Amino acid sequence: MTAPTPSLPGPVPPHHSVALDLGGRTALVTGAAGGIGRACALRLASAGAEVRAVDRDADGLAALAARAGGLPGLVRTQVLDLTDLDAAEKAAEGVDVLVNNAGLQLVRPLEEFPPDVFHTVLTVMLEAPFRLIRGALPHMYAQGWGRIVNLSSVHGLRASAYKSAYVAAKHGLEGLSKTAALEGAPHGVTSNCVSPGYVRTPLVEAQIADQAAAHGIPPERVLTDVLLRDAALKRLVEPEEVAEAVAYLCTPQAAFVTGISLALDGGWTAH
Ligand code: NAD
C-alpha cells in the first residue's frame, strides 16, 4: 500500500446533486474496484440501476459489494480482465448504460517506456472500450435508448510529459466517443467523455514516486509542482464529484448532450 496522497484543503463535494432514476436499467461499470469506478457503481446503484461491476481485482470487487448493501439498485460483481477482448465484448451485451472506466498508468520517458506496457495500456483503455461499445450497441439500438460514458481525462485533451501511452489512449478514446455519438444519435444513444484532472484515487497515489523520479524532484513536491501546476483550482477532484458528472450524462435533461468531453479539470484546459 502506498502512502496517502497529500492533499490541499478543498470543499466537501456535493453528494447526489443530480436527480436520476435508473430503476429498471442495467449499467456496466469497468474498473469498478478502483476509486472512480467504485464511486460510479455506487452512484448508479443509488439511482436504482442494476450494476454489473467488473474489474480484474477480485478483492476490490468484494469490498465494493460490501459497500453496496441497502442501495435502491443492485451491484453484481464479475472478475474480468479486459485484455480478454472477446470476454469484454460479451460482458456488455444487454446493458442500457455503459461506463468505460478501467485504466492504468505508467510514468516513464518515451525512450524508456516498455513497449509491452504501451500495448497493454492501449488494449485496456482504447481497444476494450471499442469492444464494450460494440457489445452494448445492439441492445441499445433495439430499444432506442442508451448511455455511453467514457472516463477520459484532461490527458484526452492535453498532453503531459512521460505519459505517452496514457495520453495516446485517452486522445483515442475521445475520438472513439465522438464517433459513437454520431452513429448512436439516430438510435437514442448518447456517447460522451468525462475528463477529470487529478482525482484522489489509487491511480494517482501510485504515480507519485515515478513522477518524482521523472521530474527530478522530491515526492512531497509532486502534488504542487506537477499534478496541480496547470489547474486553477488547487485541489484534487473527489471520485464522487466525477460520479456525479457521470450521473448527469444519464439524466433525461442530458438527452441532447452527446459527443462532448465534460472537463472536471479545475480550469486546466482554460489555458
Ligand atoms: P484506479 O487505479 O483506482 O482504478 C482503475 C481500475 O481499473 C482498477 O480497479 C484496476 O484493477 C482496473 N483495471 C486496470 N486494468 C484492468 C484490466 N486489464 N482489466 C480489468 N480491470 C482493470 O484508477 P482511477 O483513478 O479510479 O481511474 C479510473 C479511470 O479514470 C481511468 O480510466 C483513469 O484513466 C481515469 N482518470 C483518472 C484520473 C485520476 O486522477 N485518478 C484522472 C483522469 C482520469
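Residues numbered from 1 in each chain as written. Predicted model: local features only at pLDDT ≥ 70, side-chain atom pairs only at ≥ 80, totals over all residues. Heavy atoms only, no water.

Participant: Please provide a residue-by-residue account of the overall build of the protein, values included.
Facilitator: For the protein, the count of helices and strands is nine helices and seven strands. Relative to the globule expectation of 18 Å for 271 residues, the C-alpha radius of gyration of the protein, 18 Å, shows essentially globular dimensions. Judged by the C-alpha coordinates and their principal axes, the protein covers about 55 × 40 × 40 Å. In the protein, which comprises 271 residues, the proportion classed as buried is 52%. Counting contacts in the protein only where the partners sit at least 6 residues apart, residues at least 24 apart contribute 74% of the total. Carbon and sulfur atoms make up 57% of the accessible area of the protein, which amounts to about 11,800 Å² in all. For the protein, the distance from the average position of its 21 positive side-chain charges to the average position of its 27 negative side-chain charges is 4 Å. (Helix = DSSP H or I, 4+ residues; strand = E, 2+ residues; numbered from the N terminus. Rg over C-alpha atoms; globule rule 2.2 N^0.38 Å. Buried < 20%, exposed > 50% of the residue type's maximum accessible area, 1.4 Å probe, protein only. Contact = heavy atoms within 4.5 Å. Areas by Shrake-Rupley, 256 points an atom, 1.4 Å probe, with all protein chains shown as cover. Lys, Arg positive; Asp, Glu negative; His and termini not counted. Charge placed at Lys NZ, Arg CZ, Asp CG, Glu CD.)

Participant: Pulling in residues and values, what's your account of empty space enclosed by the protein?
Facilitator: Applying the stated criterion across every chain, the model contains one cavity of 30 Å³ or more. Taken as a whole, the largest cavity holds about 60 Å³ of empty space. The wall of the largest cavity is formed by Thr30, Leu82, Asn100, Asn101, Ala102, Val124, Met125, Pro129, Leu132, Leu151, Lys170 and Leu173. Contributions of two or more residues to the lining of the largest cavity are made by α4 (115–143) and α5 (164–184). For the lining of the largest cavity, the per-class residue count stands at eight nonpolar, three polar and one charged. (1 Å grid on protein atoms, 1.4 Å probe; cavity = no way out; pocket = protein on both sides within 12 Å on 5 of 7 lines; lining within 4 Å. Points joined across faces, edges and corners; volume = space filled by probe spheres on them. Nonpolar A, V, L, I, M, F, W, Y, C, P; charged D, E, K, R; others polar.)

Participant: Outline the pairing of strand β2 (residues 50–55), listing residues and values.
Facilitator: Direction of pairing for strand β1 (residues 26–30) relative to β2: parallel, over a ladder of five bridges. Bridged to Thr30 within β2 is Val54. In this fold, β1 hands off to helix α1 (residues 35–46), which returns the chain to β2; that crossover is right-handed. The parallel pair β2 and strand β3 (residues 74–79), bridged by helix α2 (residues 58–67), forms a crossover whose chirality is right-handed. (Pairing = 2+ DSSP bridges. Right-handed = clockwise from strand over helix to strand, strands pointing away.)

Participant: Just give me the short version of the site of the ligand, but keep the residues and values in it.
Facilitator: In the vicinity of the ligand there are 28 residues, among which Asp55, Asn101, Tyr166, Val199 and Thr201 approach most closely. The separation between an oxygen atom of the ligand and a polar main-chain atom of Gly34 is 3.1 Å. A distance of 2.6 Å separates an oxygen atom of the ligand from a polar backbone atom of Val199. Here the ligand is seated within the largest pocket. Taken together, the elements giving at least two residues each to the shell around the ligand come down to α1, α5 and α6 (202–205). Here the shell around the ligand takes three residues from α6, the largest share from any one element. Split into classes, the residues belonging to the shell around the ligand amount to 14 nonpolar, nine polar and five charged. (Near = heavy atom within 4 Å. Polar contact = N/O pair within 3.5 Å; in protein donor to acceptor, adjacent residues only side chain to side chain. Sits in = over half its atoms within 2 Å of the grid points.)

Participant: Describe the pairing of β3, with residues and values.
Facilitator: Bridge count between β2 and β3: six bridges; the pairing is parallel. Looking across to β3, one finds that Arg52 is bridged to Arg76.

Participant: So what about the sheet that holds strand β6 (residues 189–196)? Which residues, and what values?
Facilitator: The seven strands are arranged β3-β2-β1-β4-β5-β6-β7 in an open sheet whose pairing can be described as parallel. Only two strands of the sheet have a single neighbouring strand rather than two, namely β3 and β7 (261–264). Going from strand to strand, the sheet's axes swing by 15° on average, the running direction of each strand aside. Across the sheet, α1 lies against β1, β2, β3, β4 (97–100) and β5 (146–151), angled at about 170° from β1, the strand it touches most. Along the sheet, α4 makes contact with β1, β4, β5 and β6, crossing β4 at roughly 170°. (Axes fitted to C-alpha atoms, helices over the stretch in contact; angles between N-to-C directions.)

Participant: Go over the packing of α4 against α5 with me, naming the residues and quoting the values.
Facilitator: Contact geometry of α4 with α5 gives a least axis separation of 8 Å together with a crossing angle of 15°. Here α4 is positioned roughly parallel relative to α5, judged by the angle of their axes. Crossing hand, α4 versus α5: right-handed. Packed against α4, whose contacting residues are Phe118, Val121, Leu122, Met125, Leu126, Pro129, Phe130, Ile133 and Tyr141, the element α5 presents Ser164, Ala165, Tyr166, Ala168, Ala169, Lys170, Gly172, Leu173, Leu176, Glu183 and Gly184 at the interface. Looking at the contact of α4 with α5 residue by residue, the classes come out as 15 nonpolar, three polar and two charged. (Parallel < 35°, antiparallel > 145°, perpendicular 65-115°, else oblique. Left-handed = near helix turned anticlockwise from the far one by under 90°.)

Participant: Would you mind going over the pattern of salt bridges in detail, with residue names and values included?
Facilitator: Applying the stated criterion to the full structure yields eleven salt bridges. With a shortest N-O distance of 2.5 Å, Glu89 and Arg131 are connected by a salt bridge. A residue pair is termed long-range when its members are at least 10 positions apart, and Glu89 in helix α3 (residues 85–91) and Arg131 in helix α4 qualify at 42 residues. By relative accessible area, Arg131 is classed as buried at 16%. For Arg200, the salt bridge goes to Glu238, with nearest N and O atoms at 2.8 Å. Of this pair, Arg200 sits in the loop between β6 and α6 while Glu238 sits in the loop between α8 (222–227) and α9 (239–249), and the two are 38 residues apart along the sequence. On the accessibility criterion, Glu238 (15% relative accessible area) is buried. (Salt bridge = Lys/Arg side-chain N within 4 Å of Asp/Glu carboxyl O.)

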